[in-house]
Amino acid sequence: MEQLNNQNQRDTMNSSPELVLYNFSHSSCSWRVRFALNLKGLDYEYKAVNLAKGEQFSTEFEKLNPLRYVPVLVDGDVVVSDSLAILLYLEEKYPQRALLPDDPRRKALNLQVASVVCSSIQPLHMLALVVHKSIEEKVGPGEGLLWAQSSIEKGFFALEKLVKDFATSFATGEALYMADVFLAPQIATVVMRFNIDMALNMRRRELG
Ligand SMILES: N[C@@H](CCC(=O)N[C@@H](CS)C(=O)NCC(=O)O)C(=O)O
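Conventions and cut-offs
- Along each chain, the written sequence defines residue order, and numbers are assigned to residues from 1.
- The predicted origin of the model limits local features to residues at a pLDDT of at least 70 and limits the giving and counting of side-chain atom pairs to 80 or more, whereas totals for whole chains, interfaces and linings rest on all residues.
- Hydrogen atoms and water are omitted, and side-chain values are computed over all heavy atoms in the structure.
- Proximity criterion: a residue is near a molecule or strand once any of its heavy atoms comes within 4 Å of it.
- By the criterion applied in these results, polar contacts are pairs of N or O atoms within 3.5 Å in which, for protein atoms, one can donate a hydrogen and the other can accept it, and in which residues neighboring in sequence qualify only through two side-chain atoms.
- A 1.4 Å probe and the Shrake-Rupley method give the accessible areas. Residues count as covered only by the protein chains that appear here.
- A helix here means a DSSP run of H or I that spans at least four residues, while a strand means a run of E at least two residues long, and both kinds are numbered starting from the N terminus.
- By the convention adopted, Pro, Cys, Tyr, Trp, Phe, Met, Ile, Leu, Val and Ala count as nonpolar, Lys, Arg, Asp and Glu as charged, and the other residues, Gly among them, as polar.
- For every domain, the bounds stem from an assignment made automatically or drawn from a database.
- Two strands qualify as a pair provided that DSSP identifies no fewer than 2 bridges between them.
- Fitted lines through C-alpha atoms give the axes, limited to the stretch in contact for helices. The angle between two N-to-C directions lies from 0 to 180 degrees.
- Whether two residues are in contact is decided by their heavy atoms, any of which lying within 4.5 Å being enough.
- Two parts placed together each lose some accessible area under a 1.4 Å probe, and adding up what both lose gives the buried area.
- Salt bridges are counted wherever a side-chain nitrogen of Lys or Arg sits within 4 Å of a carboxyl oxygen of Asp or Glu.
- Each patch is built from residues lacking any salt bridge and having more than 30% relative accessible area; the joining distance is 9 Å for like charges and 5 Å for nonpolar side chains (Val, Leu, Ile, Met, Phe, Trp, Tyr).
- Buried residues are those whose accessible area, probed at 1.4 Å on protein chains only, stays under 20% of the maximum for their type, while exposed residues exceed 50% and partly exposed ones sit between those limits.

S.K.: Quick question: what am I supposed to make of the site of the ligand here?
M.R.: Taken together, 14 residues lie around the ligand, and Cys29, Gln56, Val70, Asp82 and Ser83 are the ones closest in. The backbone of Val70 places a nitrogen or oxygen atom 2.9 Å from a nitrogen atom of the ligand. Protein burial of the ligand: of its 520 Å² of free accessible surface, 85% is covered by the chains. Contributing elements (two or more residues each) for the shell around the ligand: α2 (28-39) and α5 (104-138). Tallying contributions element by element places α5 first for the shell around the ligand, with 3 residues. Its residues placed into classes, the shell around the ligand shows 8 nonpolar, 4 polar and 2 charged. The residues that make up the shell around the ligand include at least three from each of domain 1 (2-93) and domain 2 (104-207).

What follows is the structure, given as structure tokens:
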């Protein structure tokens, strides 16, 4: 009987039949949301929006997000775009496996890390791809990549300082929280796409 109750409880916690995630496999912003949905044990329908094929510019997708960016989460009649807003929405509606700690100081730290990734790192290297050609043409060959790399390094330099007194194997303490959900995809992206050597950067900063 107790087993049945536990099963019922789990089914209720995980029941989210209406969740649909419009996303792209290679997008770090989408990855954050997939990470959070999986941590919370939420089932969702995966709708691929292939950015490489320009599917974000379809009129159908524009109705969901006029900015034409992924990810977009649809939960019944609620449509939320922007990964940070989506994570805050999920946290409130599906509180299981909390992504924010109760302690206000650590909660603020998690939100700060998420916000730095969202506003001061990712948009700059995304922009770098968009304006890459024109920087290369106007300033010189290789300058586009250098500009992206210096923006990324500046952001991570700040982040390292921010979490220095809190980090364990997780960014802000003893458990995996929202900061980690934003950092992991971000670190993977900059290492793979922008040739950033995170360990080398850390050593450089320690010396300098
Ligand atoms: N602040 C937004 C940024 C969304 C964003 O930049 N998405 C990128 C993929 S990571 C995108 O859809 N780019 C499409 C394009 O540049 O046309 C978020 O965190 O969701």
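S.K.: Help me understand the sheet that holds strand β3 (residues 72-75) in this model?
M.R.: Strand pairing in a sheet relies on backbone hydrogen bonds. The paired strands run either parallel or antiparallel. Ordered in space as β2-β1-β3-β4, the 4 strands form an open sheet in which the pairing is mixed. A strand with exactly one partner marks an edge of an open sheet, and here the two such strands are β2 (45-48) and β4 (78-81). Going across the sheet, the axis of each strand differs from the next one's by a mean of 20°, ignoring polarity. Of the strands in this sheet, β1 (19-23), β2 and β3 touch α2, which is tilted by about 155° from β1. Here helix α4 (residues 83-93) sits on the sheet in contact with β3 and β4, set at roughly 135° to β4.

S.K.: Would you explain the domain arrangement of the protein chain in this entry?
M.R.: Many analyses report the size of an interface as the accessible area lost when the parts associate. Domain annotation of the protein chain identifies domain 1 (2-93) and domain 2 (104-207). On the domain 1 side of the interface with domain 2, the three residues burying the most area are Arg32, Phe35 and Leu84, jointly 42% of the side's total. For the interface between domain 1 and domain 2, the tally reads 0 salt bridges. Counting across the interface, domain 1 meets domain 2 through 1 residue pair in polar contact (both at pLDDT 80 or more). Mapped onto the side of domain 1 that touches domain 2, the elements with two or more residues apiece are α2 and α4. Ranked by the residues each element gives to the side of domain 1 that touches domain 2, the list is headed by α2, at 7 residues. Looking at side-chain class alone, the side of domain 1 that touches domain 2 contains 9 nonpolar, 3 polar and 2 charged residues.

S.K.: Would you explain a nonpolar patch on the surface in this entry?
M.R.: On the surface, Trp31, Ile187, Val191 and Met192 cluster together to form a nonpolar patch covering roughly 360 Å² of accessible area. Per-element accounting of the nonpolar patch gives the leading share, 3 residues, to helix α7 (residues 178-194). You can see Ile187 is positioned in helix α7.

S.K.: Even after reading the chapter, I still don't get the pattern of salt bridges, so can you show me in this structure?
M.R.: When their charged atoms lie close together, side chains carrying opposite charge are able to pair. Scanning the entire structure with this criterion turns up 6 salt bridges. Between Lys93 and Asp75 there is a salt bridge, with the nearest N and O atoms lying 2.9 Å from each other. Within this pair, whereas Lys93 is found in helix α4, its partner Asp75 is found in strand β3, the two being separated by 18 residues in sequence. When its relative accessible area of 6% is taken as the criterion, Asp75 is described as buried. Linking Lys164 and Asp165 is a salt bridge whose minimum nitrogen-to-oxygen distance equals 3.5 Å. Lys164 sits in the exposed class, given a relative accessible area of 59%. Classification of Asp165 by relative accessible area gives exposed; the value is 65%.

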